[in-house]
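# Inside the fold
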Amino acid sequence: MKNIVVLVSGSGTNLQRIIDTIDSGEIRNAKVALVVADRECFGLERAKNHNIENILIPRGKNFSSELAKVIPQDTDLIVLAGFLSILKPEFCENWNGKIINIHPALLPKFGGKGMWGMNVHNAVIEAREAESGATVHFVTPGIDEGEAILQKSFEVTADDTPETLAQKVHQIEYEIFPLAINKVLGN
């Protein structure tokens with residue numbers, strides 16, 4: 001059984017998707033061993049509702065070192081699921097190849113500092129992009145610079161808004177996150 005640690009900052013819908021796809025067998029031979037949040041959020045409630053160990057480590061300059069202390073040694077994968085804090089380079093390097101993130105755009109476009117949530121979708125609309133989508137990628141010290149594991153796109157239509165893009169991207173995230181997790185775990 002592979003152990004997954006999930007880091008969250010918000011409502012935890014991608015966490016719930018991971019839990020559900022483990023329960024259904026879509027993600028094979030794995031369990032969520034721990035959920036860590038960097039702020040009070042509903043993601044912690046989701047963990048509690050599924051009897052998953054969970055910890056709140058408030059954001060701050062010592063976040064990465066505090067996080068390093070609670071990650072079990074037998075962790076096979078750390079998944080950033082709507083996680084908004086930036087991890088220190090040392091933490092990323094210590095877990096190199098074992099940390100993944102989902103980003104609401106087709107990296108390398110619309111990645112980097114400040115490119116999260118609606119900021120991404122606004123930028124896509126303003127740039128008049130023909131397509132958007134989501135990318136699951138490895139986490140490295142550079143923000144959104146890690147190698148892509150899986151990416152899926154859709155056409156941006158003339159009547160799309162940042163809000164409709166957000167909905168479409170979220171559906172793609174639901175599709176590709178479990179596939180990427182299986183791929184990285186070797187399932």
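Cut-offs and rules
- Residues numbered from 1 in each chain as written.
- Predicted model: local features only at pLDDT ≥ 70, side-chain atom pairs only at ≥ 80, totals over all residues.
- Heavy atoms only, no water.
- Axes fitted to C-alpha atoms, helices over the stretch in contact; angles between N-to-C directions.
- Helix = DSSP H or I, 4+ residues; strand = E, 2+ residues; numbered from the N terminus.
- Parallel < 35°, antiparallel > 145°, perpendicular 65-115°, else oblique.
- Left-handed = near helix turned anticlockwise from the far one by under 90°.
- Contact = heavy atoms within 4.5 Å.
- Buried < 20%, exposed > 50% of the residue type's maximum accessible area, 1.4 Å probe, protein only.
- Pairing = 2+ DSSP bridges.
- Right-handed = clockwise from strand over helix to strand, strands pointing away.
- Arc of directions from axis to C-beta.
- Core = buried A, V, L, I, M, F, W, Y, C linked by side-chain atoms within 4.5 Å.
- UniProt positions renumbered as here; feature names shortened; annotations may be inferred.

### Considering the packing of helix H1 (residues 13–24) against helix H6 (residues 162–185)
For the pair H1 and H6, interaxial distance at closest approach is 10 Å and the crossing angle is 50°. It follows that H1 is oblique to H6 by the angle criterion. Remark: the crossing between H1 and H6 carries right-handed chirality. Across the interface between the two elements, Thr 13, Asn 14, Arg 17, Ile 18 and Thr 21 from H1 touch His 170, Glu 173, Tyr 174, Phe 177, Pro 178 and Ile 181 from H6.

### Brief notes about the pairing of strand S1 (residues 2–8)
The element S1 is largely enclosed, with a buried count of 6 among its 7 residues. Summarising the sheet, S1 and strand S2 (residues 30–37) pair through 7 bridges and their orientation is parallel. Across the sheet, the residue bridging to Leu 7 is Val 36, located in S2. With H1 bridging S1 and its parallel neighbour S2, the resulting β-α-β unit is right-handed. Of the pairings in the sheet, the one linking S1 to strand S4 (residues 75–80) comprises 5 bridges and is parallel in character. Counted as the bridge partner of Val 6 is Val 79 from S4.

### A word on helix H5 (residues 117–126)
Inspection of H5 places Val 120, His 121, Ala 123 and Val 124 among the buried residues, and these make up the whole buried set. End-on view of H5: buried residues confined to an arc of 160°, all on one side of the axis. Elements that come into contact with the buried residues of H5 comprise strand S5 (99–103), strand S6 (131–138) and H6.

### Some thoughts on the nonpolar core
Formed by 39 residues in total, the largest nonpolar core has its most connected members in Ile 4, Val 6, Ile 18, Val 79, Phe 177 and Ile 181. Examining the composition of this core, we find that 8 residues originate from one element, H6, more than from any other. Those residues in contact with Phe 177 that lie beyond four places of it in its chain are Asn 14, Ile 18, Val 79, Leu 80, Ala 81, Ile 100, Ile 102 and Val 136. By size, the runner-up hydrophobic cluster in this structure holds 17 residues, among which are Phe 63, Leu 67, Ile 71 and Cys 92.

### Some points on the UniProt feature "domain: Formyl transferase N-terminal" (unreviewed entry) in the protein
Taking the numbering used here, the UniProt-annotated feature "domain: Formyl transferase N-terminal" (unreviewed entry) corresponds to residues 2–181. Annotation note: span residues 2–181, helix share 36%, strand share 25%, distance between end C-alpha atoms 11 Å.

### Focus: the UniProt feature "binding site: N(1)-(5-phospho-beta-D-ribosyl)glycinamide" (unreviewed entry) in the protein
Within this numbering scheme, the UniProt entry marks Gly 12, Thr 13 and Asn 14 as carrying the feature "binding site: N(1)-(5-phospho-beta-D-ribosyl)glycinamide" (unreviewed entry). Checked against the element boundaries, Thr 13 lands in helix H1. The class for Thr 13 is partly exposed, based on a relative accessible area of 24%. Those residues in contact with Thr 13, other than ones at most four positions away along the chain, are Arg 46, His 170 and Tyr 174. With residues near it in sequence (within four places) discarded, Asn 14 still touches Ala 81, Ile 102, His 170, Glu 173, Tyr 174 and Phe 177.

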